[in-house]
Amino acid sequence: MPVWLEAGAWGLVGGGALVVGALVAWFVRVPQRVVASVMAFGSGVLISALSFELVDEAASTGGLVPTAVGFLAGAVTYVLANVALARRGAAHRKRSQDQQASESDQPGSGAAIAVGALLDGVPESVVLGVSLLGGGSVGVPVLAAIVISNVPEGLSSAAGMKRNGRSARYVFGVWVGIALASGLAALLGALLLQGAPPEALAVITALAAGAILAMVADTMIPEAFERTHLYAGLIAATGFLLAFVVGRA
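None of the values given here were measured: they were computed from a predicted structure.

K.L.:
How do you make sense of the nonpolar core when you look at a structure like this?
P.N.:
Grouped burial of nonpolar side chains is what soluble globular proteins tend to show. Ranked by internal contacts, the top residues of the largest apolar core, which has 24 residues, are Leu46, Leu54, Val142, Ile212, Met215, Val216 and Met220. Looking at this core, the elements with two or more residues in it are helix H2 (32–62), helix H4 (109–131), helix H5 (140–163) and helix H7 (198–228). Of all hydrophobic cores here, the second largest spans 19 residues; its members include Ala22, Val30, Ala158 and Val171.

K.L.:
Help me understand the side chain of Thr205 in this model?
P.N.:
Take Thr205: it is sitting in helix H7. What makes Thr205 buried here is its relative accessible area of 11%. Excluding anything up to four places from it in sequence, Thr205 contacts Leu54, Ala58, Val127 and Val130.

K.L.:
Before we go on, may I ask you to explain the UniProt feature "transmembrane region" (unreviewed entry) in the protein chain in this structure?
P.N.:
In the numbering adopted here, UniProt assigns the feature "transmembrane region" (unreviewed entry) to residues 7–27, 34–52, 64–85, 170–194, 200–217 and 229–247. As a span, residues 34–52 carries 100% helix and 0% strand, and end to end its C-alpha atoms are 27 Å apart.

K.L.:
What is the right way to read the packing of H2 against H5 from this model?
P.N.:
The axes of two packed helices give the description: the angle between them and the distance between them. The N-to-C vectors of H2 and H5 enclose an angle of 150°; their axes lie 8 Å apart at closest approach. Of the possible angle classes, the one that applies to H2 and H5 is roughly antiparallel. Note on packing geometry: the crossing formed by H2 with H5 is left-handed. Two secondary-structure elements touch here, H2 through Val35, Val38, Met39, Phe41, Gly42, Val45, Leu46, Ala49, Glu53 and Leu54 and H5 through Pro141, Val142, Ala145, Ile146, Ile148, Ser149, Pro152, Glu153, Leu155 and Ser156. A per-class count over the contact of H2 with H5 returns 15 nonpolar, three polar and two charged.

K.L.:
Before we go on, may I ask you to explain the environment of Val20 in this structure?
P.N.:
When you line up the elements, Val20 lands in helix H1 (residues 3–27). Residue classification places Val20 among the partly exposed residues on the basis of a relative accessible area of 44%. C-alpha of Val20 to C-alpha of Leu155: the two residues are 135 residues apart in sequence and 7.8 Å apart in space.

K.L.:
So what exactly am I meant to see when it comes to the packing of aromatic side chains here?
P.N.:
We describe a pair of aromatic rings using the distance from one ring centre to the other and the angle between the two ring planes. Following the criterion strictly, the structure yields three aromatic pairs and no others. Relative to Phe172, the ring of Trp26 has its centre 5.8 Å away and its plane inclined at 70°; by these criteria the two rings are edge-to-face. Highlighted residues: Trp26 in helix H1 and Phe172 in helix H6 (residues 168–192), separated in sequence by 146 residues. Side by side, Trp26 and Phe172 carry an identical accessibility label, which is buried. Ring centres of Phe52 and Phe240 lie 5.7 Å apart, and the angle between their planes is 70°; this geometry places the pair in the edge-to-face category. Residue Phe52 is located in helix H2, and its partner Phe240 is located in helix H8 (residues 232–248); the two are separated by 188 residues in the primary sequence. An aromatic cluster is defined as three or more aromatic residues linked by ring pairs; in this entry it consists of Phe52, Phe240 and Phe244. Seen from the ring of Trp26, Lys162 lies directly overhead, with NZ or CZ sitting 5.0 Å from the centre. Note that Arg166 overlies the ring of Tyr170, its terminal NZ or CZ placed 5.2 Å from the centroid.

K.L.:
In this structure, what is going on with a nonpolar patch on the surface? I would like to understand it.
P.N.:
Residues Met1, Trp4, Leu5, Leu184, Leu188, Leu191 and Leu192 make up a contiguous nonpolar surface patch of roughly 710 Å² in combined accessible area. For the nonpolar patch, the elements supplying multiple residues, two or more each, are H1 and H6. Residue contributions to the nonpolar patch peak at four residues, all from H6. Here Leu188 lies in helix H6. Residue class for Leu188 comes out partly exposed when judged on its relative accessible area of 36%.

Thresholds applied
- Residues numbered from 1 in each chain as written.
- Predicted model: local features only at pLDDT ≥ 70, side-chain atom pairs only at ≥ 80, totals over all residues.
- Heavy atoms only, no water.
- Core = buried A, V, L, I, M, F, W, Y, C linked by side-chain atoms within 4.5 Å.
- Buried < 20%, exposed > 50% of the residue type's maximum accessible area, 1.4 Å probe, protein only.
- Helix = DSSP H or I, 4+ residues; strand = E, 2+ residues; numbered from the N terminus.
- Contact = heavy atoms within 4.5 Å.
- UniProt positions renumbered as here; feature names shortened; annotations may be inferred.
- Axes fitted to C-alpha atoms, helices over the stretch in contact; angles between N-to-C directions.
- Parallel < 35°, antiparallel > 145°, perpendicular 65-115°, else oblique.
- Left-handed = near helix turned anticlockwise from the far one by under 90°.
- Nonpolar A, V, L, I, M, F, W, Y, C, P; charged D, E, K, R; others polar.
- Phe/Tyr/Trp six-rings, centres within 6.5 Å; stacked < 30°, edge-to-face > 60°.
- Lys NZ or Arg CZ within 6 Å of the ring centre and 35° of its normal.
- Patch = residues over 30% accessible without salt bridge, like charges linked within 9 Å, V, L, I, M, F, W, Y side chains within 5 Å.
- Areas by Shrake-Rupley, 256 points an atom, 1.4 Å probe, with all protein chains shown as cover.
- Salt bridge = Lys/Arg side-chain N within 4 Å of Asp/Glu carboxyl O.

Structure representation (structure tokens):
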């Protein structure tokens, strides 16, 4: 199988976890504390993966300066885009309660939430595609982190969409679309960056890592802390440790 096609398949797997979470939220009433706990756990897993599998690898292969530049660029780009989307109604897109804006509250918020979900998912998928370059296999810790974090992301966000009167067509249209976009992003990452110099790969990998960390801090941790409060830190630390152990095993 061509590397770019394999990358697309793994990106689809990672994005598909969002659809799984949305399905659970639509048909099962999951306690908010459980959703928040899994969100906190997923945050810790993602932070561990981007620390030891993405940023460290980027610095080792491409150097510290390209890594630092890419990381800051990713964080700044994500925050600027997130601020713009928040002003259009996507500020609480991962919240499971009544915080999400409805279309009657803010016209156009549905499109903003969909674009925000895409913004959250694409950096992760690009990393999966890049991880296959050079004849390697997909980064298992990164893939596990994406899947573990995407299920509660999709669950929490879809629950909020449902509570605010979004239709099943809208909810599953968003998440299936994001899953397909994730596969495409991973495919393009592997296809366009094949043969790229180590410095370029370091910048792209670190850029994605910076965007992911900003996303975790801006959207996942607030939802986790709101319901688990003082336990959020412990649960996140457990997720971090588990991902570290898996990466070293």
